[in-house]
Amino acid sequence: MATFQSLAQAVADNVKDGDSIAFEGFTHLIPHAAAHEVIRQGRKDLTVMRMTPDIIYDQLIGMGCVKKLIFSFAGNPGVGLLRRLRDAVENGWPHAIEIEEHSHAAMANAYEAGAAGLPCAIFRGYRGAELTRVNPNIKTVTCPFTGETLAAVPALKPDVAIIHAHKASRKGDILIEGILGVQKEAVLAARRSIVTVEEIVDDFEGASPNACILPGWTVTAVAHVPGGAHPSYVQGVYARDNAAYIEWDKVASERETFLAWMEENVLKVGPEIFADRVKHLVGAKGAAA
Amino acid sequence: MSDFTPTEMMTIAAARALRNDDVCFVGIGAPSAACNLARLTHAPDITLIYESGTIGTAPNVLPLSIGDGELCETALCTVSVPEMFRYWLQGGRITVGFLGGAQLDKYGNINTTVVGDYHKPKVRLPGGGGAPEIAISCGEIFITMKQSLRGFVEKLDFVTSLGHGKGGNDRAAHGVATKGPTRLITDLAVWEPDPETKEFTVTSLHPGVTREMVAGTVGWTARFADAVAETPAPTKEELEVLRDLHARTKAAHGGGSDA
């Protein structure tokens, strides 16, 4: 059964230097508060993975927490490129990082294989695409029945998966609504997991019987962090803060403005400030269920 | 001469290429504008699918990201991302994939990965995302991009997703049975692949555009079909619907992107 903890304690107990971590979320439900806690605790040499690394990966990389990034699309969606990631890849600041690059289909399949306890994922992919030339972890297998050549990639099995969700029951069961991403697969593929939630409830009364995505016994730690996805969003609770994503492009454009922002908004504060950050977004257009 | 911009003409020409019974895998930016314009004009029953898992979505404003809440609220259903790529895309249920990119060659191969050497890039771009498999698994591919010498190049720095490869039957040689790029819609023209060589050939020039303007903005020798048509100018309705959509989008995103 999941342990209920403060976010600081959950991170201290479950995230170690050198770990591989999936902070998942597909635009929706990105665990910003948890990533900030990892930065505050000064974790180093992390291998981080996500299909769509965005602001939190820019922050982790810029603060020097990351050794290696496994990803399939690294951008600030609808806004542009990730400037701290680019600075690390193009100029080695604050230090060089290793990258392992895939397609979305590959990573989605690789998480699913991890959740299923398989060593690798097999899918029809990468034909005519050059990632096969630069990523030695993309190989091929021959179907024993049809002879078709298929792509194969290793299963993703992070040490820790960290996600944000709508609700946890008092048993630690987890409910998510809306865009589901690969969160269920990431948690089931991982050795340990931390789920931050908007709300802790006695039960999921009124929810669809199909709505609970993870039973409490598959989750390691649950932390109550209202607003913990901001500037990402929680379907039906608060809207995506598109202006903050646009603003990030300016913040991250220079090393100095980036470091000043991190000092002010991450290092000097705690996860309790996330509830305030979403107040003006509650009930805004896009938050309606 | 005209009261519309080249970008508006590109979006409208791309929208016209979509049919009411298409099931379309939509990318963010110009493809999203074109697909939603089609839905709001001649193709009201078109099925729009975004890779975040939303199937049959009908957003009132264009999403800033691939996973905005608006997409889920207006969708028929929302599935997980592994399901989206396995059952829906790889399963062969998508008729049209809409792609753009940083670099394009004359066979419709696309680069969204790096400018320069992969290991020492001049510019690190976002990467392929869904594109490598969209390019091989959708029934056909439409590409929409503004023409420029920087973008329309003789040789890509990196092949992120397969178009017609080296031309001719190269897709089949890669074990790919789908049609690949069947249309390239730019701010100046509509291009279609030559039936034999698969090289993009201009089949329609937008109003007021000359062959020299087209040829001067591509890094290869532009080919023109025997009979080059003129793209019909945007109708009053097309322009009004597109501009309303952009105005709603701009208001909703706090002055952000109107892509």
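Please refer to the structure higher up on the page.
Analysis parameters
- Residues numbered from 1 in each chain as written.
- Chains lettered and ligands numbered in written order.
- Predicted model: local features only at pLDDT ≥ 70, side-chain atom pairs only at ≥ 80, totals over all residues.
- Heavy atoms only, no water.
- Contact = heavy atoms within 4.5 Å.
- Buried area = accessible area lost by both parts, 1.4 Å probe.
- Salt bridge = Lys/Arg side-chain N within 4 Å of Asp/Glu carboxyl O.
- Polar contact = N/O pair within 3.5 Å; in protein donor to acceptor, adjacent residues only side chain to side chain.
- Helix = DSSP H or I, 4+ residues; strand = E, 2+ residues; numbered from the N terminus.
- Axes fitted to C-alpha atoms, helices over the stretch in contact; angles between N-to-C directions.
- Parallel < 35°, antiparallel > 145°, perpendicular 65-115°, else oblique.
- Nonpolar A, V, L, I, M, F, W, Y, C, P; charged D, E, K, R; others polar.
- Phe/Tyr/Trp six-rings, centres within 6.5 Å; stacked < 30°, edge-to-face > 60°.
- Lys NZ or Arg CZ within 6 Å of the ring centre and 35° of its normal.
- Buried < 20%, exposed > 50% of the residue type's maximum accessible area, 1.4 Å probe, protein only.
- Pairing = 2+ DSSP bridges.
- Right-handed = clockwise from strand over helix to strand, strands pointing away.

Chemist: Could you clarify how one ought to interpret the interface of chain B and chain A in this entry?
Modeler: How big an interface is tends to be stated in terms of accessible area lost as the parts join. Facing the 48 residues of chain B at the interface are 50 residues of chain A. For the chain B face of the interface with chain A, the top three residues by lost area are B:Leu64, B:Arg124 and B:Pro126, together amounting to 16%. A salt bridge links A:Glu101 to B:Arg124; the nearest nitrogen and oxygen atoms lie 2.7 Å apart. Counting across the chain B and chain A interface gives 18 residue pairs in polar contact (both at pLDDT 80 or more). No other element matches helix H4 (residues 81-90) of chain B, which puts five residues into the side of chain B that touches chain A.

Chemist: Honestly, the packing of helix H2 (residues 32-40) of chain A against helix H9 (residues 255-267) of chain A in this entry has me stumped. Any pointers?
Modeler: Two quantities define a packed helix pair, namely the angle between the helix axes and the distance between the axes. All names here are of chain A. It is at 10 Å that the axes of H2 and H9 come closest, and there the two elements cross at 110°. Comparing their axes, H9 and H2 come out roughly perpendicular. Judged by residue contacts, His36, Ile39 and Arg40 of H2 engage Met262, Asn265, Val266 and Leu267 from H9. Here the contact of H2 with H9 is composed, by residue class, of four nonpolar, two polar and one charged.

Chemist: Looking at this structure, I do not really get the packing of helix H1 (residues 6-16) of chain B against helix H8 (residues 236-252) of chain B. What am I missing?
Modeler: All names here are of chain B. It is at 11 Å that the axes of H1 and H8 come closest, and there the two elements cross at 105°. One finds that H1 runs roughly perpendicular with respect to H8. On the side of H1, the interface is formed by Glu8, Thr11, Ile12 and Arg16, while H8 contributes Glu238, Leu239, Leu242 and Arg243. A class-by-class count of the residues in the contact of H1 with H8 yields three nonpolar, one polar and four charged.

Chemist: Looking at this structure, how should I read unusual backbone geometry?
Modeler: For residues that are not glycine, phi is negative in most cases, and the peptide bond is trans in most cases. Omega for the peptide link from A:Trp93 to A:Pro94 comes to 0°, which places this bond in the cis form. Checked against the element boundaries, A:Pro94 lands in the loop between helix H4 (83-91) and strand E7 (98-101). Residue A:His230 is joined to A:Pro231 through a cis peptide bond whose omega torsion reads 10°. Of note, A:Pro231 is situated in the loop between strand E15 (221-224) and helix H8 (242-251). Phi at A:Asp45 is positive, roughly 55°, even though this residue is not glycine. Note that A:Asp45 resides in the loop between H2 and strand E3 (46-50). For B:Lys198, which is not glycine, the phi dihedral falls at a positive 70°. Tracing the sequence through the fold places B:Lys198 in the loop between strand E12 (189-193) and strand E13 (200-205).

Chemist: Whenever I open this one, the packing of aromatic side chains confuses me. Can you help?
Modeler: For any pair of aromatic rings, the description rests on two quantities: the centre-to-centre distance and the angle between the ring planes. Residues and elements named next belong to chain A. This structure, assessed with the given rule, holds nine aromatic pairs over all chains. Sitting over the face of the ring of Tyr245, Arg240 holds its NZ or CZ atom 3.9 Å from the ring centroid. Residue placement shows Arg277 over the ring face of Phe274; its charged tip is 4.8 Å from the ring centre.

Chemist: Quick question: what am I supposed to make of the pairing of strand E4 (residues 66-71) of chain A here?
Modeler: It is a general feature of regular strands that their side chains alternate between the two faces of the sheet. Residues and elements named next belong to chain A. Of all six residues making up E4, five are buried, and the element is well covered by its neighbours. Sheet topology note: the E3/E4 ladder contains five bridges and is parallel. Bridging across to E4, Thr47 finds its partner in Lys68. Handedness of the crossover is the feature at issue here: the chain leaves E3, passes through helix H3 (residues 55-62), returns alongside E4, and the resulting connection is right-handed. As paired elements, E4 and E7 share four bridges and run parallel to each other. Looking at the pairing, Phe71 lines up with Glu101 of E7.

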